[in-house]
Amino acid sequence: MYTTTDTARSGGIRTAFRRSEAWLDQRGKWAWIATMVLGFIIFWPVGLALLAYMIWGKQMFARSCGHRRRHDHSHSWGRHAMRPGQPTGNGAFDDYKAQALRRLEEEQEAFEAFLQRLRSSKDKSEFDSFMDERARSNAAQDAAEAAGADASPETGARPGEY
């Protein structure tokens, strides 16, 4: 019977990179950014390589913090945790929230209706004042033409002169 032993170490550089990637993924986006900044401070090609990996290799944090935020429901105070339709589990608060949202929607509709009435009344008053002004100017122009038709032109005046 033959026994074989592995003379090479298990893992290698790829495993180390995978472990460090998993460690940074657990800590989120800011750990990646801090590592990239440190890479730029220590040796700029390392920071540049980390930046390229973050942008193209990880589809801009697709697996790290975005994955955790979508699938980790243990804490409900995330960025979009309190959506209007999402129940919190507290019945009294959910009822209060529904009533408050309904009241706010009614107030918003009433305010929008008020603004529409205000706009239409302002437009109507502006239109009425325009029509009144136009009627006055037409009446003044008609009176001037009637007065001008009665007066005879002077003998030495040329047409177009006053």
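Refer to the preceding data block for the structure.
Attention here is on the structure that accompanies the text. Because the structure is a prediction, the values reported are computed rather than measured. (Residues numbered from 1 in each chain as written. Predicted model: local features only at pLDDT ≥ 70, side-chain atom pairs only at ≥ 80, totals over all residues. Heavy atoms only, no water.)

Another point: the side chain of aspartate 94. On the secondary structure map, aspartate 94 appears in helix H5 (residues 91–150). Excluding anything up to four places from it in sequence, aspartate 94 contacts Pro87, Thr88 and Gly89. (Helix = DSSP H or I, 4+ residues; strand = E, 2+ residues; numbered from the N terminus. Contact = heavy atoms within 4.5 Å.)

If you trace the backbone, alanine 98 turns up in helix H5. Measuring from C-alpha to C-alpha, the distance between alanine 98 and proline 87 comes to 9.9 Å, with 11 residues separating the pair along the chain.

Time to look at the pattern of salt bridges. Enumeration over the complete set of coordinates arrives at two salt bridges. The partner of arginine 103 in a salt bridge is glutamate 107, with the nearest N and O atoms 3.3 Å apart. Of this pair, arginine 103 and glutamate 107 both sit in helix H5, four residues apart, which is roughly one turn of the helix. Among the residues examined, arginine 103 registers a relative accessible area of 42% and is labelled partly exposed. Here aspartate 128 ties to lysine 124 by a salt bridge, and the two come within 3.2 Å at their closest N and O atoms. In this pair, aspartate 128 and lysine 124 are both assigned in helix H5, four residues apart and thus about one turn of the helix distant. Judged by its relative accessible area of 32%, aspartate 128 is partly exposed. (Salt bridge = Lys/Arg side-chain N within 4 Å of Asp/Glu carboxyl O. Buried < 20%, exposed > 50% of the residue type's maximum accessible area, 1.4 Å probe, protein only.)

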